[in-house]
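Single-letter residue listing:
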Amino acid sequence: MSVCIFWGTTYLGIRMALESFPPMVLVATRYTISGVLMLVGALLAGVKMPGRREWVRTSLNGMIILGIGNGCLAIAETMIPSGLAALMITIGPFWMLGLDAALPPRVRLHGPTIFGLIVGMMGAALLVGPGALAGGMGSNVVKGFLILQLGCFGWSLGSLIQRRQKTEAHPIIGGAIQQLATGLVFIPIAFMTGGQVDLNARGVGAIVYLIIFGSIVGYSSYVYALEHLPVAVLSIYNYINPVLSVILVWLVY
């Protein structure tokens, strides 16, 4: 439930934070802070840390999931409205279930699942088609869609790799390691890409919200659900998030 609700609000949070922070700075700041806070909290609570090998594997998975997935989302929201970005990501279950059927051990796709994938692809075509026809293949709508599909691919691939690996650490610790690794990797990327940082109350408040509810609460819940729920059930959040996102964007903007 927290993944469905809180992540539905983070699309607007990212849009507002981008008013103050360039995309790569936003990703680096958000995940470095959330990762540090979670690991410090875990150490104070006496939670067992994973071994070095698991730490490395988990860090790499985080870079794929969050680095590609959320990095692409942040870039896309500089081109298209956050509500539209949330709608485009409804094709995410196609990537998740398709890769789950392709990666060993392969999970067989059933008829209703295949039908759902077809409906999702048709919906994406209807969503992007008018923008492509109106603005040509170079329009921001098409660019945003392609960037988001790269993000969906990275998010799904990293999630399924993480799901298939045996872990000893608690899922929340895994989420903390993934976030910290992503944040640290994006720090030099943020310096290289540059951009103007314009601090204001709304932008800072948005990134604080993303750190608390999007990263610490939301992503920790996602990592936990990733270990305990079937992939088809887990991917349902992609259809709930846009409802909240579109309503909130309409109210604010």
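Preceding this section is the structure that the text describes.
Quantities reported herein were computed from a predicted structural model and do not represent experimental measurements. (Residues numbered from 1 in each chain as written. Predicted model: local features only at pLDDT ≥ 70, side-chain atom pairs only at ≥ 80, totals over all residues. Heavy atoms only, no water.)

Draft legend 1. A look at the overall build of the protein. Across its full length, the protein holds 11 helices and 0 strands. Taking 18 Å as the expected radius of gyration for a compact globule of 253 residues, we find that the protein reaches 18 Å, a close match to that expectation. By its C-alpha atoms, the protein is 55 × 50 × 30 Å across when sized along the principal axes. Out of the 253 residues in the protein, the part that is buried amounts to 48%. If you sum the accessible surface of the protein, you get close to 12,000 Å²; carbon and sulfur atoms cover 73% of it. (Helix = DSSP H or I, 4+ residues; strand = E, 2+ residues; numbered from the N terminus. Rg over C-alpha atoms; globule rule 2.2 N^0.38 Å. Buried < 20%, exposed > 50% of the residue type's maximum accessible area, 1.4 Å probe, protein only. Areas by Shrake-Rupley, 256 points an atom, 1.4 Å probe, with all protein chains shown as cover.)

Draft legend 2. Structural context of empty space enclosed by the protein. Within the structure shown, the criterion is met by 2 cavities of 30 Å³ or more. Every residue lining the largest cavity is counted, 26 residues in all, and those nearest its centre are Tyr11, Leu73, Ile89, Trp155 and Tyr237. Listed by contribution, the elements that provide at least two residues to the lining of the largest cavity are helix 1 (2–17), helix 2 (23–44), helix 3 (52–76), helix 5 (92–102), helix 7 (140–164), helix 9 (201–228) and helix 11 (237–252). The class makeup of the residues in the lining of the largest cavity is 15 nonpolar, 10 polar and 1 charged. Space inside the second largest cavity adds up to approximately 60 Å³. Forming the boundary of the second largest cavity are 13 residues, of which Glu54, Gln162, Ala169, His170 and Gly174 lie nearest the centre. (1 Å grid on protein atoms, 1.4 Å probe; cavity = no way out; pocket = protein on both sides within 12 Å on 5 of 7 lines; lining within 4 Å. Points joined across faces, edges and corners; volume = space filled by probe spheres on them. Nonpolar A, V, L, I, M, F, W, Y, C, P; charged D, E, K, R; others polar.)

Draft legend 3. Molecular detail of the layout of surface pockets. Taken as a whole, the largest pocket encloses approximately 180 Å³ of empty space. The wall of the largest pocket is formed by Met1, Ser2, Val3, Cys4, Ser221, Ala225, Leu229, Val233, Leu234, Ile236, Tyr237 and Ile240. At the level of secondary structure, the elements contributing two or more residues to the lining of the largest pocket comprise helix 1, helix 9, helix 10 (231–234) and helix 11. Per-element tally for the lining of the largest pocket: the top contributor is helix 1, with 3 residues.

Draft legend 4. Quick peek at the pattern of salt bridges. All told, the structure shown has 3 salt bridges when counted by the stated rule. Residue Arg202 pairs with Glu19 through a salt bridge whose shortest N-O separation is 2.8 Å. Of this pair, Arg202 sits in helix 9 while Glu19 sits in the loop between helix 1 and helix 2, and the two are 183 residues apart along the sequence. According to the relative accessible area criterion, Arg202 is partly exposed, its value standing at 38%. Owing to a relative accessible area of 28%, Glu19 belongs among the partly exposed residues under this scheme. With its nearest N and O atoms 2.9 Å apart, the salt bridge here joins Arg164 to Asp100. (Salt bridge = Lys/Arg side-chain N within 4 Å of Asp/Glu carboxyl O.)

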